[in-house]
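Commentary on secondary and tertiary structure
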Amino acid sequence: MKPRPVGYTRPESVAEALVALATVDAEAKVLAGGQSLVPLMSMRLASPDVLVDINRLTELSYVRVADGQVCVGALARHTDVLTSKAAAAAQPLLGKALRFVAHPAIRNRGTTVGSIVHADPAGEMPAVLALLSGEVRVASAAGERSIPAGEFFLGPLESDVQPGELALEVRFPVRPAAAGTALAGTGFAEISRRRGDYAVCGVAVLAWLGTDGSVGGARAAYLSVGPAPVVVDLTDAVAGHGADAASFPAAARLARARLAPGADMHATVAYRRHLAGVLTERALAEAVADAREKAAA
Amino acid sequence: MSAAGDLPGAKPPGEELHEVRLTVNGEVRTVRVPARRLLSDCLRHDLGLTGTHVGCEHGVCGACTVLLDGAPVRSCLLLAVSAEGASITTVEGLAEPGSGLSPVQQAFRECHGLQCGFCTPGFLTTITAGLRENPDPDDGQAREMIGGNLCRCTGYQNILASVHRAAELMRAAAPAGPA
């Protein structure tokens, strides 16, 4: 339960960090909050040769709303995002999901960008990014690029961040493109065996209203049911059904049909699929109520 | 024991050591540790502060919780080297020197909030920070406050009572604020 010997460097700026990542000729890992990386190292499931500690890069500790995006820098802790009034006002789904991310003591240190780059299929924030079709801005000594959420998550604990690259920022759209110009609401639901533990199943839902006030469409992103966040378009099940709960069981059936969850010691395939349906109904109800509240305001 | 003048810290052969300056319970301490040294081990082994307990060592149990610049964190999920320059409060630093128990410690004693005591340092640090943020938690908030800490003895009810009692003690001790 102790990490193996590891090299360590602590750059003072993004430029220095990129130089460090470019010049290391061994397996380097970026250390931000370390709330996933350090236990993986202690269990020796991760054995990097060198850690590039970015905890001095305070230039990346921001949470701000700009250009229709909530921009979260690589050193912003979950708690910073959760307590940001601007972020909460612009994209309330962030707060709804972050409350399910572990416990306050973990959120005080863990970073939102880190949990997205870590790409744990049980992670809440990867699902949120996938649902909203956000993007990740990464940099290397060669330059910068933006990776859309749809191309970012490659598999369990595998993202598109390449060796030599540093994730600088994650951008969550305030008005996700899926909803167009319609009034949209969000919901989040999750079941875990203990509060703060990894989700057995979870879902984030975006629902939007049609011009007549009925539900215009919805999409959902699931965690813990596949190798990466799984996005399912629920529009066929819910569109034109008014804003009451009548269409929610159809959405749950659609989700169950589309998902192919795996089994583990905590849940069978059948139970996980059942949960996905139940949670779809709950999060959809929350999202539709949220959208209607905005419509009434 | 290290030779006179040496900084505390064991040196495995061939491993690079890093000088780390921490303010622990108000006192500036400097250690030389390898990068892989967990903060929990640094506190216990290098600094001799064995009040911080190590249970699961992967962030689940909360026994090793300390305050990092005032906020509760798992010391087993931090590398000591990464905490360079930080201010750390361990269970040893909760009570003012010479003033007996802190209100949270006093409440645990009064309410029988501990049995074997293994998890207690993590609860004490967590609740100390929690009550600073929310001095008057309702029952749900008190449960949420301690939700990240495991206790295998008490069944939590007495710990919950301790949270409320500590809040009471702190209110009683605080100078009357504006209405």
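What counts, and at which threshold
Residues numbered from 1 in each chain as written. Chains lettered and ligands numbered in written order. Predicted model: local features only at pLDDT ≥ 70, side-chain atom pairs only at ≥ 80, totals over all residues. Helix = DSSP H or I, 4+ residues; strand = E, 2+ residues; numbered from the N terminus. Rg over C-alpha atoms; globule rule 2.2 N^0.38 Å. Buried ≥ 20, exposed ≤ 12 C-beta atoms within 10 Å, placed from the backbone. Contact = placed C-beta atoms within 7 Å. Expected span 1.5 Å × (residues − 1). Pairing = 2+ DSSP bridges. Axes fitted to C-alpha atoms, helices over the stretch in contact; angles between N-to-C directions. Nonpolar A, V, L, I, M, F, W, Y, C, P; charged D, E, K, R; others polar. Core = buried A, V, L, I, M, F, W, Y, C linked by C-beta atoms within 7 Å. Domains from an automatic or database assignment. Parallel < 35°, antiparallel > 145°, perpendicular 65-115°, else oblique. Left-handed = near helix turned anticlockwise from the far one by under 90°.

Focus on the overall build of chain B
Secondary structure summary: chain B contains 5 helices and 5 strands in total. Starting at the N terminus and ending at the C terminus, chain B contains elements arranged as β-β-α-β-β-β-α-α-α-α. For chain B, whose C-alpha radius of gyration is 17 Å, the value lies close to the compact-globule estimate of 16 Å for 179 residues. Reported as C-alpha extents along the three principal axes, the dimensions of chain B are approximately 55 × 35 × 25 Å. The burial tally for chain B puts 48% of its 179 residues in the buried class. Restricting to contacts in chain B with at least 6 residues of sequence separation, those with at least 24 account for 58%.

Details of the overall build of chain A
In terms of regular secondary structure, chain A is built from 12 helices and 14 strands. Against the 2.2 N^0.38 benchmark of 19 Å for 297 residues, chain A shows a C-alpha radius of gyration of 19 Å, consistent with a compact globule. Structurally, chain A occupies a C-alpha span of about 60 × 45 × 30 Å along its principal axes. Sorting the 297 residues of chain A into buried and exposed places 53% on the buried side. Pairs at least 24 residues apart make up 64% of the contacts formed inside chain A by residues separated by at least 6 positions.

Considering helix α5 (residues 157–173) of chain B
Because the α-helix completes a turn every 3.6 residues, residues three or four places apart line up on one side. Residue and element names in this part refer to chain B. Between its first and last C-alpha, α5 extends 24 Å over 17 residues, near the 24 Å set by a 1.5 Å rise per residue. Turning to α5, its buried residues number three or more, namely Ile159, Ser162, Val163, Arg165, Ala166 and Ala167. Buried-residue contacts for α5 involve α2 (103–111), α3 (120–133) and α4 (139–146).

Notes on the sheet that holds strand β4 (residues 71–74) of chain B
All names here are of chain B. A sheet is described by the order of its strands in space; here 5 strands give the open sequence β2-β1-β5-β3-β4, paired in mixed fashion. The sheet is open, and its two borders are formed by β2 (27–33) and β4, each paired with just one other strand. The sheet shows a mean angle of 40° between the axes of neighbouring strands, direction not considered. Where strand β3 (residues 65–68) meets strand β5 (residues 87–89), 2 bridges bridge the pair, whose relative direction is antiparallel. Across the sheet, Leu68 pairs through a bridge with Ile88, a residue of β5. Its contacts with the sheet put α3 on β3, β4 and β5, and the angle it makes with β3 is roughly 35°.

Details of the interface of chain A and chain B
Counting residues at the interface gives 26 residues for chain A, matched by 22 residues for chain B. If you list the elements that add at least two residues to the side of chain A that touches chain B, you get β1 (7–9), α2 (37–42), β3 (50–53) and α6 (104–107) of chain A. Split into classes, the residues belonging to the side of chain A that touches chain B amount to 13 nonpolar, 8 polar and 5 charged.

Brief notes about the nonpolar core
Residues and elements named next belong to chain A. In this structure, Val128, Ala204, Ala207, Ala218, Ala220 and Tyr222 are the most contacted members of the largest nonpolar core, which totals 147 residues. Looking at this core element by element, the count peaks at 10 residues for strand β12 (residues 199–209). Beyond its immediate sequence surroundings of up to four residues, Ala220 is in contact with Val203, Ala204, Val205, Val232, Leu234, Ala255, Thr280 and Ala283.

Thoughts on the pairing of strand β10 (residues 166–173) of chain A
Looking along a regular strand, one sees side chains alternate from face to face of the sheet. Residue and element names in this part refer to chain A. Here β10 lies mainly inside the structure; 8 of its 8 residues are buried. Pairing of strand β5 (residues 69–73) with β10 involves 5 bridges; the strand directions are antiparallel. Residue pairing for β10: Val72 is matched across the bridge by Val170. In this sheet, β10 lies alongside strand β6 (residues 135–140) in antiparallel orientation, the contact comprising 5 bridges. Bridging from a neighbouring strand, Val138 pairs with Ala167 of β10.

Notes on the domain arrangement of chain A
How big an interface is tends to be expressed through the accessible area that disappears when the partners come together. Residues and elements named next belong to chain A. Domain annotation for chain A reports domain 1 (7–53), domain 2 (59–173) and domain 3 (180–296). Using only C-alpha atoms to locate each centre, domain 1 and domain 2 end up separated by 18 Å. The element contributing the most residues to the side of domain 1 that touches domain 2 is helix α1 (residues 14–23), with 6 residues. Per-class residue counts for the side of domain 1 that touches domain 2 are 8 nonpolar, 3 polar and no charged.

Considerations on the sheet that holds β3 of chain A
Residue and element names in this part refer to chain A. Ordered in space as β1-β3-β2, the 3 strands form an open sheet in which the pairing is parallel. The open sheet has two edge strands, β1 and β2 (28–31), and neither has a second partner. Going across the sheet, the axis of each strand differs from the next one's by a mean of 25°, ignoring polarity. Of the pairings in the sheet, the one linking β1 to β3 comprises 3 bridges and is parallel in character. Paired with Thr9 across the bridge in β3 is Val52.

Thoughts on the pairing of β5 of chain A
Residue and element names in this part refer to chain A. With 4 of 5 residues buried, β5 lies mostly within the body of the structure. Note that strand β4 (residues 63–66) and β5 share 4 bridges and pair antiparallel. Each residue of the ladder has a partner; that of Val65, found in β5, is Val70. Where β4 folds back on β5, the antiparallel hairpin that results is connected by 2 residues, among which Asp67 adopts a positive phi of roughly 55°.

Points about the packing of α2 of chain B against α3 of chain B
Residue and element names in this part refer to chain B. Contact geometry of α2 with α3 gives a least axis separation of 9 Å together with a crossing angle of 130°. With respect to each other, α2 and α3 are oriented oblique. Judged by the twist between their axes, the crossing of α2 over α3 is right-handed. Contact residues: Val104, Gln105 and Phe108 in α2; Thr120, Leu124, Ile127 and Thr128 in α3.

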